Amino acid sequence: RIWLKLPAFEFAACGVRISEQLVFTNFRDAFEQAATMLQRLNLVSGSARQIGIRLLGCRKASGISVNEPEVLAELREQFDRYERALCSNDVSELDALFHNSPETIRYGTAEHLYGYEAIMAFRSKRAPPGDRKVLNSVVTTYGRDFGVTNLEFQREGGSKIGRQSQTWLRTQDGWKVISAHVSLMAE
């Protein structure tokens, strides 16, 4: 079952306020029933998909905005901050950039870490990884609060190509990594 608490909608033009909590078996039902309710009240028009996107807070009816310059710059700054902290082995800075949650995960080249506490424990015992040459990086944001970063790298003196993927979420404490994966390609 899916509990969907709709935000309080105010439609100033007609003076109507809606605040409901509804239960659905899946997201499609949630969007369709919410859309039907709003259409019945003559508060919105459009397909269930378009209305659902507006309910989720997206600014464009045709989909989520990608790489808004301001948001992209914010995430890029945090991504660069992470890279500096990693290469200098600033453990407290690295810990600060991960979301403090049992749901945060990090898959490394030789470890599977579930939860913020496990990630912190791993970092406190790990030898400094040292510098690495960034071969390619891509930062992409979706909407204002979600983004992914991908990086290809090569360790100083090494021949293997490494890959790093991170999923970032804007929280009340700023941008945080909620999922990370590091792997090395076979030579």
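Attention here is on the structure that accompanies the text. (Residues numbered from 1 in each chain as written. Predicted model: local features only at pLDDT ≥ 70, side-chain atom pairs only at ≥ 80, totals over all residues. Heavy atoms only, no water.)

Attention now moves to the packing of aromatic side chains. One pass over the full model with this rule turns up 3 aromatic pairs. Seen in terms of ring centroids, Y82 and F98 are 6.2 Å apart; in terms of plane orientation they differ by 50°. Their pairing is tilted. Taken together, the residues Y82 in helix α3 (residues 69–88) and F98 in the loop between α4 (91–97) and β5 (105–107) connect sequence positions 16 residues apart. Owing to a relative accessible area of 4%, Y82 belongs among the buried residues under this scheme. (Phe/Tyr/Trp six-rings, centres within 6.5 Å; stacked < 30°, edge-to-face > 60°. Helix = DSSP H or I, 4+ residues; strand = E, 2+ residues; numbered from the N terminus. Buried < 20%, exposed > 50% of the residue type's maximum accessible area, 1.4 Å probe, protein only.)

So, about the pattern of salt bridges. Side-chain pairing between opposite charges can occur once the charged atoms of the two side chains come close. Per the counting criterion, the structure on display carries 9 salt bridges. In this structure, the salt-bridge partner of R170 is E74, at a minimum N-O distance of 2.8 Å. Of this pair, R170 sits in strand β9 (residues 162–171) while E74 sits in helix α3, placing them 96 residues apart in sequence. We classify E74 as partly exposed; its relative accessible area is 24%. (Salt bridge = Lys/Arg side-chain N within 4 Å of Asp/Glu carboxyl O.)

The next thing to look at is the pairing of strand β8 (residues 146–155). By the bridge criterion, 10 bridges tie strand β7 (residues 132–142) to β8 in an arrangement that is antiparallel. Following the sheet pairing, T141 is matched in β8 by G147. Here β7 hands over to β8 after 3 residues, with G143 in that stretch at a positive phi of 70°. As paired strands, β8 and β9 are joined by 8 bridges and run antiparallel to one another. For T149, the partnering residue across the bridge sits in β9 and is Q166. Linking β8 back to β9 in an antiparallel pair, the connection comprises 6 residues, with G157 at a positive phi of about 80°. (Pairing = 2+ DSSP bridges.)

This next bit is on the environment of N89. With respect to the element layout, N89 can be found in the loop between α3 and α4. Overall, the relative accessible area of 21% leaves N89 in the partly exposed class. Sequence separation of N89 and D131 is 42 residues, and the distance between their C-alpha atoms is 9.6 Å.

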